[in-house]
Amino acid sequence: MRIRVAIILCIALFTGCADRSYTPITPDALKVGSPATVFAATTRVQQVDGSFGPDRSESLSLLELTVSIPPDRRPGRLDFGYGQANPEKQFILAGQTQFDRSDAFRSRLRQELTRQPAGQRELTLFVHGFNSTQTETAYRAAQLAHDIDMPGSLMVYSWPSKGHALGYAYDADSTVFARDGLETVLRSLGNERIDRISVVAHSMGSFLLMEALRQIEIASPGWSAQHLDGIILISPDLDLDVFRSQMRRIKTVPQPFVVMASEKDNVLNLSRRLRGKQSSERLGQISSAALIADLPVSVIDTSTFSDEAESGHFVAATSPTLLAMIAEARNMTDLFEAGNVPLERAFPGIVTYARDNLDVVMENNDR
């Protein structure tokens, strides 16, 4: 009975009244909102109306999206714009350019990167989670980047999520389907002259990212540490045993490697229950960092900020306080630089360096 109620609550949380299947392109929104450039690679099938839906495509589509960010909004607040959207209050898709050739896409990306000073050309790749449409993925990435004043360029990998609360099984299959596409994107970015590449994955997207890295490492041991300058898993919907098996395949784990978790994440609690009593903990709601103390991972406990967050399953992007703590860091390079000082400065009292010492980890968690 409890699981049934939880499922109903989850559906109510993720659905709502709006039609999420199509978002029109509205250039006039930029008369009110601020523009954000989001590059995108997707393995979704393009619809007749030009949008990219939930169906799976064997080919990779490359895009440049322009998102209109509404003025005077609270950090962490994200109102999706559909149909007759209000640019004063909602995120709106204001532009979409599709590239027929990968070299044209890379040329445009390089052009954007060169707007940054030499030696400081950064790119952050965002991999979305369960129940997300193409435009919602761009909105969320733009919102997070805007609220923490993230430097450099922004890109999303949009895998074919059903975009529906009842599409959990479909989405899980889609993450497996989308591994090759993400590997192609990662390897392509690794071949570019980018000073710093960070990858941020949310929820089910964390499983996809880890699977893609695993298969890259099998073919090219050491590739991840050589080309990636930081990995952040936010509320990862990822079985702890599976995560361990994936980590074992990575010859040298990129640093920093950050897991943002919350014991109050009810969505992950439901995910675990649906898998049965014998399932291990979900990484995103890990009860103690001591469980992964042998891994080169830093754990940030976001439980304290869950009550004020717009989404308990995406606290890192929807808690004004936590966003402010991130934004206080000078830039993403300082914030997620390898070593203990930057993370401790940005997140005082809530960072556990699981790799340092098992006894210290256990002592900190007992306080």
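Residues numbered from 1 in each chain as written. Predicted model: local features only at pLDDT ≥ 70, side-chain atom pairs only at ≥ 80, totals over all residues. Heavy atoms only, no water.

Caption draft 1: Here's a closer look at the overall build of the protein chain. Looking only at helices and strands, the protein chain has 14 helices and 10 strands in total. Within the protein chain, buried positions represent 54% of all 367 residues. The contacts in the protein chain between residues at least 6 apart in sequence include a share of 75% that link residues at least 24 apart. (Helix = DSSP H or I, 4+ residues; strand = E, 2+ residues; numbered from the N terminus. Buried < 20%, exposed > 50% of the residue type's maximum accessible area, 1.4 Å probe, protein only. Contact = heavy atoms within 4.5 Å.)

Caption draft 2: Structural view of the confidence of the model for the protein chain. Across the protein chain, the average pLDDT comes to 84, with 82% of residues at 70 or higher. The least confident element of the protein chain is helix α14 (residues 358-366), whose mean pLDDT is 35; the most confident is helix α5 (residues 179-190), at 98. Ignoring residues within four places in sequence, the model shows residues 1-17, a span with pLDDT below 50, making 15 contacts including any to other chains. Segment residues 356-367 is flagged for pLDDT under 50; beyond a separation of four residues in sequence, or across chains, it makes 12 contacts in the model. (pLDDT = per-residue confidence, 0-100.)

Caption draft 3: Main features of the environment of V32. Counting through the fold element by element, V32 comes out in the loop between α1 (2-14) and β1 (34-46). Ignoring anything within four residues of it in the chain, the contact list for V32 reads P71, P87 and E88.

Caption draft 4: Structural view of the side chain of T133. Summarising the element assignment, T133 is placed in the loop between β4 (122-127) and α3 (134-147). T133 sits in the buried class, given a relative accessible area of 11%.

Caption draft 5: Layout of the pattern of salt bridges. Applying the stated criterion across every chain yields a total of 15 salt bridges. Across the salt bridge formed by E64 and R108, the nearest N and O atoms sit 2.9 Å from each other. Of the two residues, E64 sits in strand β2 (residues 52-69) while R108 sits in helix α2 (residues 102-113), which places them 44 residues apart along the sequence. For the pair E64 and R108, a shared accessibility class is recorded, and that class is buried. Here R282 makes a salt bridge to D239, at a shortest N to O gap of 3.9 Å. Linking R282 in the loop between α9 (266-274) and β9 (298-301) with D239 in the loop between β7 (231-234) and α8 (240-248), this pair joins segments that are 43 residues apart in sequence. (Salt bridge = Lys/Arg side-chain N within 4 Å of Asp/Glu carboxyl O.)

Caption draft 6: How the structure looks around the packing of α5 against helix α6 (residues 204-219). Following both chains from N to C, one finds α5 and α6 inclined at 65 degrees, their axes separated by 9 Å at the closest point. Judged by the inter-axis angle, α5 sits roughly perpendicular to α6. In terms of crossing hand, the pair formed by α5 and α6 is right-handed. Across the interface between the two elements, R179, D180, L182, E183, L186 and R187 from α5 touch L208, L209, E211, A212, L213, Q215, I216 and A219 from α6. Counted by class, the contact of α5 with α6 contains eight nonpolar, one polar and five charged residues. (Axes fitted to C-alpha atoms, helices over the stretch in contact; angles between N-to-C directions. Parallel < 35°, antiparallel > 145°, perpendicular 65-115°, else oblique. Left-handed = near helix turned anticlockwise from the far one by under 90°. Nonpolar A, V, L, I, M, F, W, Y, C, P; charged D, E, K, R; others polar.)

Caption draft 7: Layout of the nonpolar core. Ranked by size, the top nonpolar core spans 50 residues in total, and within it L125, Y157, L186, L233, F243 and F257 carry the most contacts. No other element matches the seven residues that α6 contributes to this core. Leave out the neighbours within four places in its chain, and L233 touches A201, S206, L209, M210, F243, F257, V258, V259, M260 and L283. Listed in part, the 36 residues of the second largest apolar core include V67, I69, L78 and I234. (Core = buried A, V, L, I, M, F, W, Y, C linked by side-chain atoms within 4.5 Å.)

Caption draft 8: Quick peek at α3. Under the 1.5 Å per step criterion, the end-to-end length of α3 is 20 Å for 14 residues, consistent within 8% with the ideal 20 Å. Taking burial as the measure, the 14 residues of α3 include 13 buried ones, the bulk of the element. Phi turns positive one or two residues past the end of α3, at D149, with a value near 50 degrees. (Expected span 1.5 Å × (residues − 1).)

Caption draft 9: Inspection of the packing of aromatic side chains at higher detail. Tallied over the full model, the rule gives seven aromatic pairs. Through pairs of rings, three or more aromatic residues link up here, namely F80, Y82, F91 and Y139. One residue, R56, lies across the ring of Y170, its end atom 4.1 Å from the ring centre. (Phe/Tyr/Trp six-rings, centres within 6.5 Å; stacked < 30°, edge-to-face > 60°. Lys NZ or Arg CZ within 6 Å of the ring centre and 35° of its normal.)

Caption draft 10: Looking closely at the side chain of S158. Relative to the assigned elements, S158 resides in strand β5 (residues 153-158). Contacts of S158, omitting those with residues within four sequence positions, involve A41, T42, T43, R44, H128, Q134 and T137.

Caption draft 11: Molecular detail of the packing of α6 against α8. Interaxial distance between α6 and α8 falls to 9 Å at its minimum, and their mutual angle equals 30 degrees. Classified by the interaxial angle, the pair formed by α6 and α8 is roughly parallel. Considering how the two elements wind past one another, α6 and α8 form a crossing that is left-handed. Two secondary-structure elements touch here, α6 through F207, M210, E211 and R214 and α8 through V242, F243, S245, Q246 and M247. Of the residues in the contact of α6 with α8, the class split is five nonpolar, two polar and two charged.

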